[in-house]
Amino acid sequence: MSGINDPRLKAEELTVEPLAAIDHDVKVLGSKSYTNRQIAVAALSGKEGVIDGALISDDTVFFTKAVESFGHVAAEIDHEAARISFTPTGKPMTAPQEEIFVGGAGTPLRFLISMAGLAEGTTTITGNARMQERPFGDLLAALPGLGVEAVAVRGNGSPPIRVTGGNFAGGRTKISGAVSSQYTSSLLISSVLAKQDTEIEIVDELVSKPYVEMTLATLAEHGITVERDGYRWFKVPAGQSFKGGHAIVEPDASGLSYFIAAAAILGGRVTIPGIGSTSHQGDVGLVEVLGRMGAHTEVTENSVTVKGGQLRGIEVDMDAMPDVVPSLAAVAAFAEGPTHITNIASLRVKECDRIAAVTTELRKMGVQVDEYDDAMTVHGGPSHGAVIDTYDDHRIAMTFAIMGLRTPGVVIKDPGCVAKSFPAFWQTLDTLR
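The rules behind these values
- Residue positions are given per chain, counting from 1 as you read along its sequence in written order.
- Restriction of local features to residues with pLDDT of at least 70 applies here, the model being predicted, together with a cutoff of 80 or more for giving and counting side-chain atom pairs; totals for whole chains, interfaces and linings are based on all residues.
- By convention in this description, side-chain values take in all heavy atoms of the structure and omit both hydrogens and water.
- For every residue, the accessible area (1.4 Å probe, protein chains only) is compared with the maximum for its type, and the residue is labelled buried under 20%, exposed over 50%, or partly exposed between those bounds.
- Each helix corresponds to a stretch of at least 4 residues labelled H or I by DSSP, and each strand to a stretch of at least 2 residues labelled E; elements are numbered beginning at the N terminus.
- Think of a polar contact as two N or O atoms within 3.5 Å of one another; within protein, one of them needs to be a possible hydrogen donor and the other a possible acceptor, and neighboring residues in sequence only count if both atoms come from side chains.
- Strand pairing requires that DSSP identify at least two bridges connecting the strands.
- Between the N-to-C directions of two axes lies an angle of 0 to 180 degrees, each axis being a line fitted to C-alpha atoms and, for a helix, fitted only over the stretch in contact.
- Only heavy atoms enter the contact rule, under which two residues are in contact if any of them lie within 4.5 Å.
- For the purposes of this section, nonpolar cores are sets of buried Ala, Val, Leu, Ile, Met, Phe, Trp, Tyr and Cys residues that join through side-chain atoms within 4.5 Å.

> Even after reading the chapter, I still don't get helix H11 (residues 394-404), so can you show me in this structure?
Note: α-helices contain 3.6 residues per turn, so residues at a spacing of three or four share the same orientation. Of all 11 residues making up H11, 11 are buried, and the element is well covered by its neighbours. Every buried residue of H11 is accounted for by His394, Arg395, Ile396, Ala397, Met398, Thr399, Phe400, Ala401, Ile402, Met403 and Gly404. Two or three places before Arg395, at the start of H11, stands the capping residue Asp393, its side-chain oxygen 3.0 Å from that residue's backbone nitrogen.

Rendered as structure tokens:
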């Protein structure tokens, strides 16, 4: 169920039909975050590699084609089998003549900046209009300490980014973790092939820590040792090599958030198989948050289950799982009392300003929302249908689709934007019926 041929991906708008109740097991596509990490590792390993259970979406396709453009590896994407295969070409890693374009794929662009430091020559990497507004300055400032020159072409810290590669020496560098943990992940992955040991010092508080844990888990799976002092300091010893081979990607915790949210607001049951208590994906933590709100939850080693209950507002710090804040806000709209969601400033620099977007669209539906620089308060109460602008942001479209399962008259504009991370979303939503 790849979803790539679903005609709804090309529609201008889509009306969501409400549901009375649900009681389903739901199969969710592979993790976008893990797929991106496995692509990076497979591309750098110099060995044959196969990623099964991969998420085949706009982001991961852009990333796969981007790593191929360095010439050292060939890739094959099998949409139906959810598989990406890599074969070394025997050629050195060199900068492509054409600029690399990754659309709205933020994590791939961050990873590619460091990877380009390993390629001989000058690589230019860019994305869509929104990507050219997003900040990358912290990563650009950290790379010269490791022997890599990386600059924003327009001098504003945003793409297009020009990287002069071939001399990823390693050594010591410092980086801020306040805007994105993906900068740190980018350095960790490419530092494996540095000429000497690489030490990375985080100079402040690292946001979204689970994403770094996912990176470290992926590296360990491929035989790479990283020394660390909590989230303050990391050391990647030189002379290591990726083992390559076969990797299996678990279901996407961000993607499952919409379906457990549906169970919470409809009073039904949803079980997601294939992911559970051993996952490093921070977004699994939404299950516990919904439990605090009054939903009935169960997490085993290999599944998560949410059943509806009497929902009530809570106060919750979502620094570790910002991508599921929109899903939480949708549930909060149907809870009794206010839900105060804090420590989410990183949402301002996602595919859109997600704090502003969620606030605006909830208010369209009659929901009272208080918006702050790094927080929002959603007051539960009656809601009504509305035409939802999605801001070319997959998570806004999927969030308000879930609200439409309970509130009649919800119309989603540009439903095809879900292809960025979940091309089969509308088909998967159909399974609830």
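> I keep staring at the sheet that holds strand S14 (residues 245-248) and nothing clicks. Help me out?
By definition, the strands of a sheet pair up through backbone hydrogen bonds, in either a parallel or an antiparallel sense. Ordered by their spatial adjacency, 4 strands build an open sheet running S4-S5-S3-S14, and the pairing between neighbours is mixed. Of all the strands in the sheet, just strand S4 (73-78) and S14 have a single pairing partner and so form its edges. Between one strand axis and the next, the sheet turns through 15 degrees on average, direction left out of account. Two elements, strand S3 (residues 49-52) and S14, share 4 bridges in a ladder whose sense is parallel. Within S14, the position partnered with Asp52 by the bridge is Ile248. Where helix H2 (residues 58-68) meets the sheet, it contacts S4 and strand S5 (83-88), and its direction lies at approximately 155 degrees from that of S4.

> Can you walk me through the environment of Phe425 in this structure?
Here Phe425 is to be found in helix H12 (residues 425-430). Here the alpha-carbon distance between Phe425 and Asp6, two residues 419 residues apart in the chain, equals 9.6 Å. Residue contacts for Phe425: discarding those within four places in its chain leaves Tyr258, Phe259, Met398, Ala401, Ile402 and Val418.

> In this structure, what is going on with the nonpolar core? I would like to understand it.
Soluble, globular proteins show a tendency: their nonpolar side chains are buried together. Phe259, Ile272, Met318, Leu362, Phe425 and Leu432 are the most contacted members of the largest nonpolar core, which has 78 residues in total. For this core, the element with the most residues is helix H7 (residues 253-266), which contributes 11 residues. With residues near it in sequence (within four places) discarded, Leu362 still touches Ala329, Ala333, Val367, Val369, Val378, Phe400 and Met403. Counting 65 residues, the second largest nonpolar core, distinct from the first, contains Ala54, Ala142, Val148 and Ala150.

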